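Chain residues, written in single-letter form:
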Amino acid sequence: MSACRRLLYFVKHKGILAFVRRHVTTWSPVGAAFNTNPHRRLELFEQNNNNVGLFGVPELTSPAGFEVATKGALKSTRHLVDKACSSIPGAETVEAFDQLSDGLCKVADLADFVKVAHPDPAYREAAEKTCIEIGTVVEKLNTNVELCKSLKDLLDKPDIVSQLDPDTRRVAELFMFDFEISGIHLDEKLRKEAVALQVKLLDLSHEFLVGSRMPNRIARSAIPEHLHLHFAKEGSFIQVGGLHADSPDDLLREIAYRIYLYPNADLMRCLEELLKCRNKLAKLVGFESFAHRALKGTMAKSPETVTNFLQLLTDKLSDRTTKDFNMMRDCKKKLNPHNSELMPWDHPYFSGVLRAERYNIEPSLYSPYFSLGACMEGLNNLFSQLYGISLMSEAPSAGEVWSNDVRKLAVVHETEGLLGYIYCDFFHRADKPHQDCHFTIRGGRQCQEMDGQYQLPVVVLMLSLPQPTKSAPTLLTPGMMENLFHEMGHAMHSMLGRTRYQHVTGTRCATDFAEVPSILMEYFATDYRVISQFARHYQTGRPLSASMVARLCESKKLCGAADTQLQVFYAVLDQIYHGKPQNRSTTDILKEMQQKFYGLPYTPNTAWQQRFSHLIGYGAKYYSYLMSRAVASMVWRQCFVQDPLNRDMGERYRREMLAHGGAKEPMLMVEGMLQRRPTVEELVDALVSELNHNFETFIMDSET
């Protein structure tokens, strides 16, 4: 009997706790697993085991396996298309569509992760090829008239639709929506044009993403010699690959800003072409703009709602934002009286200086209390109290992971058993992107073709943390700790959902709802009642004091209006770029929006938009971070602030929000949790009220 089946058997018949104590000898406590270096253990393990392939997919023992997996998925696709087109209209039609989606996503989602995270270039290249090939097939399927007709025949029959359960009906409507936004209603010539535009957009998106991450270079002689050590060198040139926003050197920040953001003609052309193609596609399939097309299925529903939200937020933040910039300006004047004008490259640095001065929140004071192992134990305890689940470290098989420092976690519920797997790719390595993110590798679904067996979800969480050493475990700054909680919120969304259909599993939901579970976790990460359960000094065992946590919480409010307003500026820019064509350059638009929605002056000969990589994945939906934070704030204040460890509220949160993935209208899930539907003004007020000092900050009466 396999380990998974054995686990499920004992969960069902003898109880999870008894099984864990008696049988799972290879699993160690989750905290210890993250505070030790696993290299030697994995090397010994691999000597005695055959390569099972990445994520246990047998084809992926080598890069060439992607071609094999792709061919298999496409063969299955042809069979399922025939099945969907020939089935009698009913729930079986939707099942066939979901199987079709699942077969393609299993390969495409895995490849989407591997192309950015695998250390072997051959794997990355093979995965990229797979992404493009399957993406092209998906666009063609979305304009397959016969396939669409099989779904339309179902939805056009009220007597049949009325017999469908709510999830099946919703998924059928979502599949139909995919057809509609791809131009299924067009004649053959225009449908082919829509497909061609989609394929072109795939290429342009890839080109922009790659270009947005490339460094700019300048002759070494153009930069003062004492600054050379801060940049990579390339012969007689210096490479500038970032903004150096946290540097205390004013000149270094300015030089990095001007050079890194200096316009790249090819990249600017790519962005302009990408926006034109998006607009052309949206118009072709019947929308006023790409923003209208992108927002139809979201909480916001329309660009008008988003614009109203962002403008109202700007208006209510105005006085606070001005005050924040004045504080930063005074701080700069005090440190550099000969150059006191506040510039865009100053905002991150001086807001940090002010927080550190007023609240003494130097990260090194906190890090000893936030060892990675302690934080993982904290998450384990939190999830156990809220949902009745445990995180269990499991040794991966040979070839299952792409790096020896990847940890594998089984997520186990106290009565439901094994819920899924989380692969934790937490540590920095060469060529690994410096980004924190969640990847769905396999979505959960009820497999009707396998007697209703549930397909367990598999996800990856990717961070970029320092490796543990012989003398110390990995120590996290408060920001790193919050990011860990944030990404684990995405993972729990994937694990705790039990949707019937893969098409709507976990985070496969509206973008402006998908960030709510992860942002809500940030509130838990800064609540002393949660932190006090795990934050201990890794050497002395001394707990982190309540006053230190309170200072950390209060510090976030300092310059918080300016930070929020910067996000508003980015969101507005995203909306304008994807709205009706402006007949002017993206830089001209940026200049105007920066003045209107940010306030700090535009720097000539810079093009910040060419580094705005979120334009690809979040096109017309960058506002989602702000709206999701507003919803999360309301959920926190109404449901968890009195008792963040309340099991009944945790179960309600799972039942009303996490369980449904995208199988329910996002605002209906919010309404179910809050017992009312929030207005735009209430969402704005939730964000603004968080900047009030002493807002829901709990401090214990006595210091530990």
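Computed from a predicted structure; not experimentally measured.

A. Spatial organisation of the overall build of the chain. Assigned secondary structure in the chain consists of 30 helices and 10 strands. Here the C-alpha radius of gyration of the chain, 26 Å, is about what a compact globule of 704 residues would show, namely 27 Å. Each of the three principal axes of the chain carries a C-alpha extent, and together these read 75 × 65 × 60 Å. When the 704 residues of the chain are sorted by exposure, 56% land in the buried category. The contacts of the chain with a sequence gap of at least 6 include a subset with a gap of at least 24, amounting to 74%. Of the roughly 30,000 Å² of accessible surface on the chain, 52% is carried by carbon and sulfur atoms. Across the chain, the mean location of the 80 positive side-chain charges is 2 Å away from that of the 84 negative side-chain charges.

B. How the structure looks around the pairing of strand 10 (residues 458–465). With eight of eight residues buried, strand 10 is to be regarded as a mostly interior element. The two faces of strand 10 match: Val458, Val460, Met462 and Ser464 on one face and Val459, Leu461, Leu463 and Leu465 on the other face are all buried. Two strands pair when backbone bridges link them, and strand 6 (residues 417–427) and strand 10 are joined in this way by six bridges, in the parallel orientation. The residue of strand 10 that forms the bridge with Cys424 is Leu461. Looking at chain direction, strand 7 (residues 437–442) and strand 10 are connected through five bridges and run antiparallel. Across the sheet, the residue bridging to Arg442 is Val458, located in strand 10.

C. Quick peek at the pattern of salt bridges. Scanning all chains against the criterion turns up 42 salt bridges. Two residues, Asp153 and Lys149, come together in a salt bridge whose shortest N-O distance is 3.1 Å. Of the two residues, Asp153 and Lys149 both sit in helix 8 (residues 145–155), four residues apart, roughly one turn of that helix. On the accessibility criterion, Lys149 (48% relative accessible area) is partly exposed. The network of salt bridges with shared partners includes Asp98, Asp102, Lys106 and Arg445.

D. Local environment of the environment of Ala196. Mapped onto the secondary structure, Ala196 falls in helix 11 (residues 188–212). Distance from Ala196 to Leu267, taken between C-alpha atoms, is 21 Å for residues 71 residues apart in sequence.

E. Local environment of the confidence of the model for the chain. Per-residue confidence for the chain gives a mean pLDDT of 91; residues scoring 70 or more make up 92%. A low-confidence stretch, residues 1–28 stays under pLDDT 50, and its non-local contacts, those more than four residues away or across chains, total 34 contacts. Every residue in residues 695–704 is under pLDDT 50, and counting partners more than four places away or in other chains gives 24 contacts.

F. Just the packing of aromatic side chains, in detail. The final tally for this structure, using the stated rule, is 30 aromatic pairs. With a centroid separation of 6.2 Å and an interplanar angle of 70°, the aromatic rings of Tyr570 and Tyr622 are classed as edge-to-face. Of this pair, Tyr570 sits in helix 24 (residues 560–577) while Tyr622 sits in the loop between helix 26 (614–617) and helix 27 (624–640), and the two are 52 residues apart along the sequence. Neither residue differs from the other here; Tyr570 and Tyr622 are each classed as buried. In this structure an aromatic cluster arises from ring pairing among Phe325, Phe569, Tyr570, Tyr598, Trp608, Phe612, Tyr618, Tyr622 and Tyr625.

G. Spatial organisation of helix 21 (residues 516–525). By the criterion of burial, helix 21 is predominantly enclosed, with 10 of the 10 residues buried. Of the residues making up helix 21, those classed as buried are Val516, Pro517, Ser518, Ile519, Leu520, Met521, Glu522, Tyr523, Phe524 and Ala525. On the buried face of helix 21, the contacting elements are helix 18 (372–387), helix 19 (478–496), helix 20 (511–514), helix 22 (528–531), helix 27 and helix 28 (647–656).

H. A look at the sheet that holds strand 5 (residues 407–413). One open sheet holds the five strands; their spatial order is 4-5-6-10-7, and the pairing between them is mixed. Either end of the sheet is taken by a strand with one partner, and the two such strands are strand 4 (389–394) and strand 7. Neighbour to neighbour, the strand axes of the sheet diverge by 30° on average, direction disregarded. Lying on the sheet, helix 6 (residues 91–117) is in contact with strand 6, strand 7 and strand 10; it crosses strand 7 at an angle near 145°.

I. Spotlight on the nonpolar core. Judged by nonpolar contacts, the single largest core of 166 residues is most densely connected at Phe370, Met376, Phe383, Ile422, Phe426, Met492 and Phe640. Filtering out sequence-adjacent residues up to four positions away, Phe640 remains in contact with Leu386, Leu520, Phe524, Val635, Met649, Gly650, Tyr653 and Met673. Among the nonpolar cores identified, the runner-up in size contains 30 residues, and Val107, Leu147, Leu151 and Tyr501 belong to it.

J. Just helix 19, in detail. Over its 19 residues, helix 19 extends 26 Å from the first C-alpha to the last, a length consistent with the 27 Å expected when each residue adds 1.5 Å. Burial of helix 19 is extensive: 16 of the 19 residues sit out of reach of the surface.

K. Representation of the sheet that holds strand 2 (residues 232–234) within the structure. The strand order 1-3-2 describes an open sheet built from three strands, whose pairing is antiparallel. The open sheet has two edge strands with one neighbour each: strand 1 (216–219) and strand 2. Between one strand and the next, the sheet's axes are offset by a mean angle of 35°, whatever the strand orientation. By the bridge criterion, three bridges tie strand 2 to strand 3 (residues 237–240) in an arrangement that is antiparallel. Along strand 3, the bridge assignment pairs Lys233 with Ile238.

L. How the structure looks around the packing of helix 18 against helix 28. One way to put it is that helix 18 packs onto helix 28 with a least axis distance of 6 Å and a crossing angle of 85°. In terms of orientation, helix 18 lies roughly perpendicular with respect to helix 28. Residues Ser384, Gln385, Leu386 and Tyr387 of helix 18 form the contact with helix 28, whose own contacting residues are Arg647, Gly650, Glu651 and Tyr653. Class assignment of the residues belonging to the contact of helix 18 with helix 28 gives a composition of three nonpolar, three polar and two charged.

M. Inspection of the pairing of strand 3 at higher detail. Only one face of strand 3 is buried, namely the one carrying Ile238 and Val240, since none of Phe237 and Gln239 on the opposite face is buried. Between strand 2 and strand 3, which pair antiparallel in sequence order, lie two residues; one of them, Gly235, sits at a positive phi of approximately 60°.

N. Examining the packing of helix 15 (residues 303–335) against helix 30 (residues 680–689) more closely. One can describe the packing of helix 15 onto helix 30 by two numbers: an axis separation of 10 Å at closest approach and a directional angle of 35°. Helix-helix and strand crossings are classified by hand; for helix 15 and helix 30 the assignment is right-handed. In this structure, helix 15 contributes Thr305, Asn308, Phe309, Leu312, Leu313, Lys316, Leu317 and Arg320 to the contact, and helix 30 contributes Val680, Glu681, Leu683, Val684, Asp685, Leu687 and Val688. Of the residues that constitute the contact of helix 15 with helix 30, the class distribution is nine nonpolar, two polar and four charged.

Scoring rules and cut-offs
- Residues numbered from 1 in each chain as written.
- Predicted model: local features only at pLDDT ≥ 70, side-chain atom pairs only at ≥ 80, totals over all residues.
- Heavy atoms only, no water.
- Helix = DSSP H or I, 4+ residues; strand = E, 2+ residues; numbered from the N terminus.
- Rg over C-alpha atoms; globule rule 2.2 N^0.38 Å.
- Buried < 20%, exposed > 50% of the residue type's maximum accessible area, 1.4 Å probe, protein only.
- Contact = heavy atoms within 4.5 Å.
- Areas by Shrake-Rupley, 256 points an atom, 1.4 Å probe, with all protein chains shown as cover.
- Lys, Arg positive; Asp, Glu negative; His and termini not counted.
- Charge placed at Lys NZ, Arg CZ, Asp CG, Glu CD.
- Pairing = 2+ DSSP bridges.
- Salt bridge = Lys/Arg side-chain N within 4 Å of Asp/Glu carboxyl O.
- pLDDT = per-residue confidence, 0-100.
- Phe/Tyr/Trp six-rings, centres within 6.5 Å; stacked < 30°, edge-to-face > 60°.
- Axes fitted to C-alpha atoms, helices over the stretch in contact; angles between N-to-C directions.
- Core = buried A, V, L, I, M, F, W, Y, C linked by side-chain atoms within 4.5 Å.
- Expected span 1.5 Å × (residues − 1).
- Parallel < 35°, antiparallel > 145°, perpendicular 65-115°, else oblique.
- Nonpolar A, V, L, I, M, F, W, Y, C, P; charged D, E, K, R; others polar.
- Left-handed = near helix turned anticlockwise from the far one by under 90°.

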